[in-house]
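So the chains spell out like this:
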Amino acid sequence: MRSSAGTVVITFERNRDLAAKIAEHLKADLLLYEKGVFEKVFKDYGAIVAVFATGIVVRDIAPLLDNKWSDPAVIVVDSNLNFAIPLLGGHHGANEVARKISELGAVPVLTTATEVHGKPSVEGIADRLGCNIFNKESTVAVNCALLDQDVEVLEVKGPRIVVVDEDVSVLIRNRQDTAEVKDSSTGNNS
């Protein structure tokens, strides 16, 4: 989930009370459904909780989908608060939001393989370590490996040169002085 973006709960007027309860619990914004609402919020929020049928959500967001790294987490909740279903972005915040909604009584329906098998994911490891994933395309192979074996997490302190295969995820620690690091890499010290 994009950490700087918040969460929005979208629903029909008839489900406003339930959606308001979910929004309050998640400290999220609340919007009533209108044609084009997903287009309006898709790039502005890190997570979208939709309180209505999955089919409506799928049809409305399909033209907006780009990739798992930039699309928001999307969670569908039925109007009886039976289920919270991460539809997009399970490893990018949707599973976490579904678990939070489960505190209100919904069953989180998690389908990401690592979650189902109780294994860590590259995205989860990066988040816990305060890192960004440098080579995002590697996560498919590494997440598959995490299902079958223990994958060692190595920490390399620099200065070093690290050469890796395409099935090695490289995590870079988040730094508060990111701007300074970027400037020094171009030779511009501020």
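Structure: above.
In short, a report on the structure. Computed from a predicted structure; not experimentally measured. (Residues numbered from 1 in each chain as written. Predicted model: local features only at pLDDT ≥ 70, side-chain atom pairs only at ≥ 80, totals over all residues. Heavy atoms only, no water.)

Some remarks on helix α6 (residues 122-129)
Think of an α-helix as 3.6 residues a turn; residues three or four steps apart then line up on the same face.
In step 1: For α6, the complete set of buried residues consists of Val122, Glu123, Gly124, Ile125 and Ala126.
In step 2: On the buried face of α6, the contacting elements are β7 (131-133), α7 (139-148) and β8 (171-173). (Buried < 20%, exposed > 50% of the residue type's maximum accessible area, 1.4 Å probe, protein only. Helix = DSSP H or I, 4+ residues; strand = E, 2+ residues; numbered from the N terminus. Contact = heavy atoms within 4.5 Å.)

With respect to the pattern of salt bridges
A side chain of one charge can pair with a side chain of the opposite charge when the charged atoms of the two come close.
In step 1: For the structure shown, the criterion picks out eight salt bridges.
In step 2: Between Lys43 and Asp71 there is a salt bridge whose closest N-O contact spans 3.8 Å. One end of the pair, Lys43, is in the loop between α2 (37-41) and β3 (47-51); the other, Asp71, is in the loop between α3 (54-61) and β4 (73-77), and 28 residues separate them in sequence.
In step 3: With a relative accessible area of 44%, Lys43 lands in the partly exposed category.
In step 4: By relative accessible area, Asp71 is classed as buried at 11%.
In step 5: For Glu103, the salt bridge identified is with Lys100, shortest N-O distance 3.3 Å. (Salt bridge = Lys/Arg side-chain N within 4 Å of Asp/Glu carboxyl O.)

Remarks on the sheet that holds strand β6 (residues 107-108)
In step 1: Pairing is mixed across the open sheet formed by six strands, whose spatial order is β2-β1-β3-β4-β5-β6. Single-partner strands in this sheet number two, and they are β2 (29-32) and β6.
In step 2: Note that β3 and β4 share four bridges and pair parallel. The residue of β4 that forms the bridge with Ala47 is Ala73.
In step 3: Helix-sheet contacts for α3 involve β3, β4 and β5 (83-88), and the interaxial angle to β5 is about 20°. (Pairing = 2+ DSSP bridges. Axes fitted to C-alpha atoms, helices over the stretch in contact; angles between N-to-C directions.)

Quick word on the environment of Ala106
In step 1: Its location among the elements puts Ala106 in the loop between α4 (94-102) and β6.
In step 2: Ignoring any residue separated from it by four or fewer positions in sequence, one finds Ala106 in contact with Leu81, Asn82, Phe83, Ala84 and Ile101.

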